[in-house]
Amino acid sequence: MVDTTTPNTRAAGTHAAGSNPSGKTVIDDTVVEKVAGIAAREVNGVHSLGKGAARAIGAIRDAIGQRDFGQGVKVEVGEKQVAADIVIVAEYPVSLQQVADGVRSSVSRALTQIVGMEVAEVNVTVQDVYIPGDDDNDDEKKESRVE
């Protein structure tokens, strides 16, 4: 969890003028994973996140309106730094290196701006390549090769 103490934070209209309440902000690791997941999905050439089983469960969750934005993302959060491991499925025929670099850049920027932490590293694993039109439904259209 990200745990920050904010000595000079003030909510508008809730305190008398001149008072500076202090407090603690805690950001759960799942929130950090969601931020990274959303940022990774915004990159052109990323079809989806996660390994095969996670994507299958994700498809079910999507169908019932319960999308898991942190799917395919693992984070390690320290005092001031965060590291992320992201598993992606790239779209064919994009350059895998360019997609991975784009994911690193997008995730790093989002974690720095939204979560407010320094990013130690973003590791990207390209798990699969999505080929448009290569669906499971195509099996029904194929003719049998044997009689």
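A. Quick look at unusual backbone geometry. Along the chain, Tyr92 connects to Pro93 via a cis peptide bond; the corresponding omega equals 5 degrees. Here Pro93 lies in the loop between strand S5 (81-91) and helix H3 (96-115).

B. Region of interest: the nonpolar core. With 28 residues, the main nonpolar core has Val32, Ile86, Val103, Val107 and Leu111 as its most contacted residues. When residues of this core are traced back to their parent elements, those giving at least two are helix H1 (29-41), strand S3 (46-49), strand S4 (73-77), S5, H3 and strand S6 (118-130). In contact with Val107, other than residues within four places in its own chain, are Ala36, Ala39, Ala40, Ile86 and Val122.

C. Representation of H3 within the structure. Counted at 1.5 Å a residue, the expected span for H3 with its 20 residues is 28 Å, and the 27 Å between its end C-alpha atoms agrees. Gly116 occupies a position one or two residues after H3 and carries a positive phi of about 80 degrees.

D. Expanded view of a nonpolar patch on the surface. Taken together, the side chains of Tyr92, Val94, Leu96, Val126, Val129 and Ile131 present a nonpolar region at the surface, about 460 Å² in accessible area. Here Tyr92 is to be found in the loop between S5 and H3. Judged by its relative accessible area of 54%, Tyr92 falls in the exposed class.

E. Fine view of the side chain of Glu33. By secondary structure assignment, the location of Glu33 is in helix H1. Despite its burial, Glu33 remains without a salt bridge, the nearest opposite charge being carried by Lys74 at 5.2 Å. Those residues within four positions of Glu33 in sequence are excluded, and the remaining contacts are Phe69, Gly70, Val73, Lys74 and Val75.

Procedures and definitions
- Residues numbered from 1 in each chain as written.
- Predicted model: local features only at pLDDT ≥ 70, side-chain atom pairs only at ≥ 80, totals over all residues.
- Heavy atoms only, no water.
- Helix = DSSP H or I, 4+ residues; strand = E, 2+ residues; numbered from the N terminus.
- Core = buried A, V, L, I, M, F, W, Y, C linked by side-chain atoms within 4.5 Å.
- Buried < 20%, exposed > 50% of the residue type's maximum accessible area, 1.4 Å probe, protein only.
- Contact = heavy atoms within 4.5 Å.
- Expected span 1.5 Å × (residues − 1).
- Patch = residues over 30% accessible without salt bridge, like charges linked within 9 Å, V, L, I, M, F, W, Y side chains within 5 Å.
- Areas by Shrake-Rupley, 256 points an atom, 1.4 Å probe, with all protein chains shown as cover.
- Salt bridge = Lys/Arg side-chain N within 4 Å of Asp/Glu carboxyl O.
- Lys, Arg positive; Asp, Glu negative; His and termini not counted.

Without other data, these values stay purely geometric and don't point to any function.
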